[in-house]
Amino acid sequence: MRIVHFKSAIKSIALIFLTSVFCFNALAEQASIKGKKTLVVYFSQPENINPTDVDGRTGASVIVKNDKTLGSTQYIASIIQKQTQGDLFRIETVTPYPLEHEPLIRFAEKEQQENVHPALKNKLNNLNDYDVVFIGYPIWWYKMPMALYSFFDQYDFNGKTIIPFTTHGGSHFSGSISEIKRLEPNANILSDGLAISRNDVADNDTEKDVIEWLNDLKNK
Ligand SMILES: Cc1cc2nc3c(=O)[nH]c(=O)nc-3n(C[C@H](O)[C@H](O)[C@H](O)COP(=O)(O)O)c2cc1C
């Protein structure tokens with residue numbers, strides 16, 4: 001009889017332990033942004049466009065909104081910044097990327113194959129001020145652009161919440177969130193960031209969709 005009690009006590013303890021581990025992980029996955037000081041970091045490479053294109057999406061990876069020409073990721077970053085009232089930081093490389101599509105494709109391919117971590121132009125001096133950092137990038141050759149690797153080389157996101165977003169041509173995040181987890185093992189990284197196809201970026205509904213996603217994050 002005593003043995004039976006002992007066994008069920010062990011079972012209950014194991015159950016409580018497993019439940020608390022599960023709850024802790026679930027909490028760690030949450031990324032409430034309510035009341036948090038927010039930074040929006042992005043990398044984006046608007047390409048040269050045909051000057052006869054007027055509004056909305058053009059042939060290249062740019063959108064034209066209110067007479068401003070923006071890269072796709074840059075446009076999404078601007079919506080997030082406006083909504084969160086956070087600060088904006090653009091990742092730029094010392095050596096500029098080609099503006100024409102084909103040379104850019106070849107340049108990025110070589111950079112990735114050779115595992116180049118390009119030198120960055122500007123420095124972020126106050127990462128410690130922020131609790132939540134949105135990080136946005138296009139997918140290049142199924143990965144983050146190499147400039148993001150340079151960025152993660154330079155900063156330690158220990159204890160910070162990272163919320164990834166991307167624009168892409170069909171690959172979605174393509175494993176890049178796991179890559180960020182590998183590079184920043186001590187950050188709390190939201191697994192289901194926001195991925196928007198470049199074909200949808202200029203749609204009228206996109207701003208609304210981004211705002212809804214942000215509201216969901218606030219209410220978590
Ligand atoms: C060099 C390069 C490589 C790309 N590789 C991919 C890819 O592997 N998968 C994908 O879905 N889209 C790919 N794309 C498309 C971009 O991810 C997409 O156009 C993105 O919206 C560009 O964002 P940006 O305007 O902010 O730079 C690539 C674009 C470029 C320029």
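The structure under discussion appears in the preceding block.
Here we summarise the structure given alongside this text. Just so you know, these numbers come straight off a predicted model, no measurement behind them. (Residues numbered from 1 in each chain as written. Predicted model: local features only at pLDDT ≥ 70, side-chain atom pairs only at ≥ 80, totals over all residues. Heavy atoms only, no water.)

### Remarks on the packing of aromatic side chains
Here comes step 1: Evaluation of the coordinates by the stated rule reveals 11 aromatic pairs.
Here comes step 2: Taking 6.2 Å as the distance between ring centres and 35° as the angle between the ring planes, the aromatic pair formed by phenylalanine 89 and phenylalanine 151 counts as tilted. With phenylalanine 89 in strand β5 (residues 87–90) and phenylalanine 151 in helix α4 (residues 146–154), this residue pair connects regions lying 62 residues apart in the sequence.
Here comes step 3: With a relative accessible area of 0%, phenylalanine 151 lands in the buried category.
Here comes step 4: Here the aromatic rings of tyrosine 137 and phenylalanine 173 are separated by 6.5 Å at their centres, their planes lie at 65°, and the arrangement is edge-to-face. Placement of tyrosine 137 in strand β6 (residues 132–138) and of phenylalanine 173 in the loop between β7 (161–168) and α5 (176–183) is noted, with a sequence separation of 36 residues between them. (Phe/Tyr/Trp six-rings, centres within 6.5 Å; stacked < 30°, edge-to-face > 60°. Helix = DSSP H or I, 4+ residues; strand = E, 2+ residues; numbered from the N terminus. Buried < 20%, exposed > 50% of the residue type's maximum accessible area, 1.4 Å probe, protein only.)

### Focus: the environment of proline 118
Here comes step 1: Positionally, proline 118 belongs in the loop between α3 (101–113) and β6.
Here comes step 2: With a relative accessible area of 11%, proline 118 lands in the buried category.
Here comes step 3: Residues proline 118 and methionine 146, 28 residues apart in the sequence, show an inter-C-alpha distance of 6.9 Å.
Here comes step 4: For proline 118, the contacting residues outside a window of four places in its chain are Thr93, Tyr97, Glu111, Met146, Ala147 and Ser150. (Contact = heavy atoms within 4.5 Å.)

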